[in-house]
Amino acid sequence: WYQRRVREAVVSTQSTGSSGINAEYGGISCIDLTFVGPYYTYHTEFDNYHYLSNYADPDMNATKSVAEVAAVVLFELANERTVPLSATSYAKYVSDTVLNSRLKTDLAEEDIDSEILEKAIRKFVANAEEYEKSRPKFEDQKRMHMELRRYNDQMLQMERSFLYNHGLPGRPQNRHMLFAPSVLDSYSGSVFPGLFDAVVMAKDSNDPAHWNEVKKQLTIATWVTRAAARALSSKVFPN
């Protein structure tokens, strides 16, 4: 392999399709483990075991390594007292992606105020930081079981807060409002695809009614973000 390196785990969108269905439908966090290198037959009829075992990875070293890492990660996850996911990294990724986009400018041109979403995101970031600050005391072996269960459940509920039962427009199977494929690119993941897709389609259309869908998606994005912030709040379960 031409490149061998280990990258720090980061929060990001994920590939779609069957590999992302757990997150898109069930609100279950997913991890992407892969090895870096040229794989020229990807998505071709030659992408099969024969090619992998004879040319791409003859000794199965890379494939074996990924499987071993996955096994260790699963073992560590099962034995951690607190869910080892960073709420702060999650919230800041959402904040950076949305606030550094053209969303505010595009909405302002149509006299649509994006402040409600921005305020919800700021609250999400603040609650995530507060949540992470309390992590050390829950890692104390003396903490009561129910207190620890409550802390971990907050992280799980934060992820599930982004689920919306009606799903994305025309795609009820995609219930995760934050991370899901864009209708303009069904292969790559996207952040708040319902909102960003609606803006693109409204700008490409001469029909002002399309901006009503933008307002609807803005409301939904704000609602699920507020729900995620509430899930992490210490006021839900005071320490």
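Undergrad: Break down the overall build of the protein chain for me, with residues and values.
TA: Tallying secondary structure elements over the protein chain gives 10 helices and two strands in all. Starting at the N terminus and ending at the C terminus, the protein chain contains elements arranged as α-α-α-α-α-α-α-α-β-β-α-α. In the protein chain, which comprises 239 residues, the proportion classed as buried is 37%. Looking at the protein chain alone, contacts between residues at least 24 apart form 66% of all its contacts between residues at least 6 apart. Accessible surface, the protein chain as shown: approximately 14800 Å² in total, 54% of it carbon and sulfur.

Undergrad: I'd like a rundown of the nonpolar core, residues and numbers included.
TA: Core analysis: the largest hydrophobic core is formed by 43 residues, its most contacted members being Leu 117, Phe 124, Met 158, Phe 192, Leu 195 and Val 214. The set of elements that each furnish at least two residues to this core consists of helix 4 (87-99), helix 5 (103-108), helix 6 (115-133), helix 8 (145-160), strand 1 (179-182), helix 9 (193-204) and helix 10 (210-232). Sorting elements by how many residues they give to this core places helix 10 first, with 10 residues. Once you skip the residues sitting within four places of it in the chain, Met 158 turns out to touch Tyr 90, Phe 124, Ala 228, Ala 231 and Leu 232.

Undergrad: How would you explain the packing of helix 9 against helix 10 if you had to name every residue and give the values?
TA: Direction vectors running N to C along helix 9 and helix 10 enclose 165 degrees, while the axes themselves pass 8 Å from each other. Between helix 9 and helix 10, the interaxial angle falls into the category roughly antiparallel. In this structure, the crossing between helix 9 and helix 10 has a hand that is left-handed. Listed contacts from helix 10 to Gly 194, Leu 195, Ala 198, Val 199, Ala 202 and Lys 203 of helix 9 are His 210, Trp 211, Glu 213, Val 214, Gln 217, Leu 218 and Ala 221.

Undergrad: Would you mind going over the packing of helix 6 against helix 8 in detail, with residue names and values included?
TA: Interhelical geometry of helix 6 versus helix 8 gives an angle of 155 degrees and a closest axis separation of 12 Å. One finds that helix 6 runs roughly antiparallel with respect to helix 8. For the element pair helix 6 and helix 8, the recorded crossing hand is left-handed. Judged by residue contacts, Phe 124, Tyr 131 and Glu 132 of helix 6 engage Tyr 151, Asn 152, Gln 154, Met 155 and Met 158 from helix 8.

Undergrad: Report on the side chain of Glu 159, specifying residues and quantitative values.
TA: By the secondary structure assignment, Glu 159 is in helix 8. Nearest to the buried, unbridged Glu 159 among oppositely charged side chains is Arg 160, at 8.7 Å. A distance of 2.7 Å separates a polar atom in the side chain of Glu 159 from a polar atom in the side chain of Tyr 90. Polar side-chain contacts of Glu 159 include one of 2.8 Å to the side chain of His 176.

Undergrad: Now, about helix 2 (residues 49-56): what can you tell me, with residues and values included?
TA: The α-helix winds at 3.6 residues per turn, so residues separated by three or four positions along the chain end up facing the same way. Here helix 2 has its buried residues at Tyr 51, Leu 52, Ser 53 and Ala 56. Contacts made by the buried residues of helix 2 are with helix 3 (61-79). Here helix 2 starts with a cap whose side-chain oxygen sits 3.2 Å from the backbone nitrogen of His 50, and that cap is Asn 48.

Undergrad: Please set out the pattern of salt bridges residue by residue, giving values where relevant.
TA: Enumeration according to the criterion identifies nine salt bridges in this entry. The shortest N-O distance in the salt bridge between Arg 102 and Asp 106 comes to 2.8 Å. Asp 106 sits in the buried class, given a relative accessible area of 8%. As a salt-bridge pair, Arg 149 and Asp 153 come within 3.2 Å of each other at their nearest N and O atoms. With a gap of four residues between them, Arg 149 and Asp 153 both fall in helix 8, about one helical turn apart. For Arg 149, a relative accessible area of 47% translates into the label partly exposed. Ionic contacts of the salt-bridge type, sharing partners, join the residues Arg 102, Asp 106 and Lys 203 into one network.

Definitions and cut-offs
- Residues numbered from 1 in each chain as written.
- Predicted model: local features only at pLDDT ≥ 70, side-chain atom pairs only at ≥ 80, totals over all residues.
- Heavy atoms only, no water.
- Helix = DSSP H or I, 4+ residues; strand = E, 2+ residues; numbered from the N terminus.
- Buried < 20%, exposed > 50% of the residue type's maximum accessible area, 1.4 Å probe, protein only.
- Contact = heavy atoms within 4.5 Å.
- Areas by Shrake-Rupley, 256 points an atom, 1.4 Å probe, with all protein chains shown as cover.
- Core = buried A, V, L, I, M, F, W, Y, C linked by side-chain atoms within 4.5 Å.
- Axes fitted to C-alpha atoms, helices over the stretch in contact; angles between N-to-C directions.
- Parallel < 35°, antiparallel > 145°, perpendicular 65-115°, else oblique.
- Left-handed = near helix turned anticlockwise from the far one by under 90°.
- Lys, Arg positive; Asp, Glu negative; His and termini not counted.
- Salt bridge = Lys/Arg side-chain N within 4 Å of Asp/Glu carboxyl O.
- Polar contact = N/O pair within 3.5 Å; in protein donor to acceptor, adjacent residues only side chain to side chain.

None of this, on its own, says anything about what the molecule does.
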